[in-house]
Amino acid sequence: MKDLSYIFLFLALIAEIFGTVGGFGSSVFFVPLANFYFDFESVLGLTAIFHLSSNLSKIVLFKKGLDRRLLINIGIPSILFVIIGGLLTKVFNNSYLELFLGLFLVILALLFLIKKELIINPVRRNAIIGGSLSGFSAGLLGTGGAIRGLTMAAFNLEKNVFIATSSFIDFLIDFSRTFVYYYNGFIHKHDLIYVPFLLVIGIVGTVIGKKILNYIPQDKFKKVSLSLILIIGMITLTNLLIIR
């Protein structure tokens with residue numbers, strides 16, 4: 001127990017709460033925070049396992065809001081591309097990819113927050129493109145929920161529908177990439193001490209996040225999601241500057 005970082009576990013809980021409120025999962029916060037404590041390969045392995053628990057919790061709590069059309073249009077390409085991205089993790093330079101992701105999230109979130117009249121056309125093609133990009137990013141960088149969140153925000157879903165659908169897609173992504181990361185050797189034996197704690201945190205953080213979400217009006221929900229995505233991008237860039 002003395003080898004555990006309790007600060008890291010607390011930050012994981014905060015990431016889960018924010019991820020639930022934002023509607024795009026905890027990995028967008030968890031990955032940049034975990035990079036302060038673990039090597040990048042361990043971060044990927046722990047993220048996949050942690051997310052399985054947190055997304056199962058969200059599916060149970062928000063199960064009545066599932067949008068099956070978006071589940072197919074975004075989910076299927078996400079699964080295909082998360083496998084491709086996961087297999088390519090040993091090929092690309094992760095520092096450059098994380099830099100690109102951080103800049104992409106900051107610029108896009110600011111664009112949507114400032115230009116409120118600007119929207120992504122909510123059509124099937126854009127859903128498929130967004131699902132492909134989010135899946136590929138999740139496999140390659142460990143996080144793709146913010147990209148999926150931006151895509152789903154275009155459809156102006158009711159917040160419970162948004163979270164239920166996003167969580168189900170995320171669960172399928174995590175289930176797929178867990179096998180890829182295991183094949184890559186990213187699930188390390190010395191990191192498994194954190195797994196039981198992260199599984200509990202995934203459930204507790206989801207419950208707390210759902211309670212907070214009840215106090216956020218629907219018209220404020222999209223702004224909250226975009227603001228959180230902006231913070232995610234800034235955390236990613238800050239992490240690169242400090243660690244790398």
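Reading the values: rules and limits
Residues numbered from 1 in each chain as written. Predicted model: local features only at pLDDT ≥ 70, side-chain atom pairs only at ≥ 80, totals over all residues. Heavy atoms only, no water. Phe/Tyr/Trp six-rings, centres within 6.5 Å; stacked < 30°, edge-to-face > 60°. Helix = DSSP H or I, 4+ residues; strand = E, 2+ residues; numbered from the N terminus. Buried < 20%, exposed > 50% of the residue type's maximum accessible area, 1.4 Å probe, protein only. Salt bridge = Lys/Arg side-chain N within 4 Å of Asp/Glu carboxyl O.

(A) Here's a closer look at the packing of aromatic side chains. Applying the stated criterion to the full structure yields ten aromatic pairs. Taking the centre distance of 4.8 Å and the plane angle of 45° together, the rings of Phe 30 and Phe 50 count as tilted. A residue pair is termed long-range when its members are at least 10 positions apart, and Phe 30 in helix H2 (residues 27–34) and Phe 50 in helix H3 (residues 40–61) qualify at 20 residues. When the ring of Phe 175 is compared with that of Phe 179, the centres are 5.2 Å apart and the planes differ by 75°; the resulting orientation is edge-to-face. In this pair, Phe 175 and Phe 179 are both assigned in helix H8 (residues 159–184), four residues apart and thus about one turn of the helix distant. The class of Phe 175 is partly exposed, set by a relative accessible area of 46%. Every member of this aromatic cluster is reached through a ring pair, and the members are Phe 8, Phe 30, Tyr 37, Phe 38, Phe 50 and Tyr 194.

(B) How the structure looks around the pattern of salt bridges. Under the counting rule described, the total for this entry stands at two salt bridges. In this structure, Arg 148 and Asp 170 form a salt bridge, with 3.3 Å as the shortest nitrogen-oxygen distance. Placement of Arg 148 in helix H7 (residues 145–153) and of Asp 170 in helix H8 is noted, with a sequence separation of 22 residues between them. Residue Arg 148 is classed as buried on the basis of its relative accessible area of 1%.

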